[in-house]
Amino acid sequence: MNKPVKHKQYQYEFGRNLYKCRKKKGLTQESLGEHMGVSRTYINQLERGRGNPTLQVVMKLADVLNIDAAFLVFGIRYKD
């Protein structure tokens with residue numbers, strides 16, 4: 001049987017994936033926050049695995065970063 005993954009691990013992985021995507025797009029936390037309509041502090045919390053984003057936030061991040069939401073959540077990249 002699979003060992004359950006702790007909730008905090010999901011938040012950490014999400015934050016790590018968000019950080020990678022933001023850096024790859026050449027955005028600062030502040031500029032991403034401006035595109036999202038949220039503060040730089042909120043983006044920082046998400047990247048450090050301290051935030052718990054809603055589905056709406058995840059989808060908007062994916063849209064702003066022009067990536068699939070599955071990558072942010074699970075680190076999965078889909079080919080078109």
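Just so it is clear, the structure is predicted and the values come from calculations on it, not from any experiment.

All right, on to the pattern of salt bridges then. Evaluated as defined, the whole model comprises 2 salt bridges. Here Glu13 ties to Arg16 by a salt bridge, and the two come within 2.7 Å at their closest N and O atoms. Taken together, the positions of Glu13 and Arg16, both in helix 1 (residues 7-24) and 3 residues apart, correspond to about one turn of that helix. Of the residues examined, Glu13 reaches a relative accessible area of 24% and is grouped as partly exposed.

Let us look at the packing of helix 2 (residues 29-36) against helix 4 (residues 55-65). Following both chains from N to C, one finds helix 2 and helix 4 inclined at 115°, their axes separated by 10 Å at the closest point. When the axes of helix 2 and helix 4 are compared, the pair comes out roughly perpendicular. Considering how the two elements wind past one another, helix 2 and helix 4 form a crossing that is right-handed. Only Val57, Lys60, Leu61, Val64 and Leu65 of helix 4 make contact with helix 2, whose side of the interface consists of Leu32, His35 and Met36.

By the secondary structure assignment, Pro53 is in the loop between helix 3 (40-47) and helix 4. By relative accessible area, Pro53 is classed as buried at 18%. Between the C-alpha atoms of Pro53 and Gln11, which are 42 residues apart in sequence, the distance is 8.9 Å. Excluding anything up to four places from it in sequence, Pro53 contacts Phe14, Tyr42, Leu46 and Val58.

A word on unusual backbone geometry. Positive phi is not limited to glycine here, since Asn66 has a value of about 55°. With respect to the secondary-structure elements, Asn66 resides in the loop between helix 4 and helix 5 (69-74).

Of the residues making up helix 3, those classed as buried are Ile43, Asn44, Leu46 and Glu47. Looking straight down helix 3, one finds that the buried residues subtend no more than 160° of arc, so they occupy a single side. At the C-terminal side of helix 3, Gly49 shows a positive phi close to 75°.

Let us look at a nonpolar patch on the surface. Together, Tyr10, Phe74 and Ile76 line one region of the surface with nonpolar side chains, adding up to about 320 Å² of accessible area. By secondary structure assignment, the location of Phe74 is in helix 5. Among the residues examined, Phe74 registers a relative accessible area of 57% and is labelled exposed.

Conventions we followed
- Residues numbered from 1 in each chain as written.
- Predicted model: local features only at pLDDT ≥ 70, side-chain atom pairs only at ≥ 80, totals over all residues.
- Heavy atoms only, no water.
- Salt bridge = Lys/Arg side-chain N within 4 Å of Asp/Glu carboxyl O.
- Helix = DSSP H or I, 4+ residues; strand = E, 2+ residues; numbered from the N terminus.
- Buried < 20%, exposed > 50% of the residue type's maximum accessible area, 1.4 Å probe, protein only.
- Axes fitted to C-alpha atoms, helices over the stretch in contact; angles between N-to-C directions.
- Parallel < 35°, antiparallel > 145°, perpendicular 65-115°, else oblique.
- Left-handed = near helix turned anticlockwise from the far one by under 90°.
- Contact = heavy atoms within 4.5 Å.
- Arc of directions from axis to C-beta.
- Patch = residues over 30% accessible without salt bridge, like charges linked within 9 Å, V, L, I, M, F, W, Y side chains within 5 Å.
- Areas by Shrake-Rupley, 256 points an atom, 1.4 Å probe, with all protein chains shown as cover.

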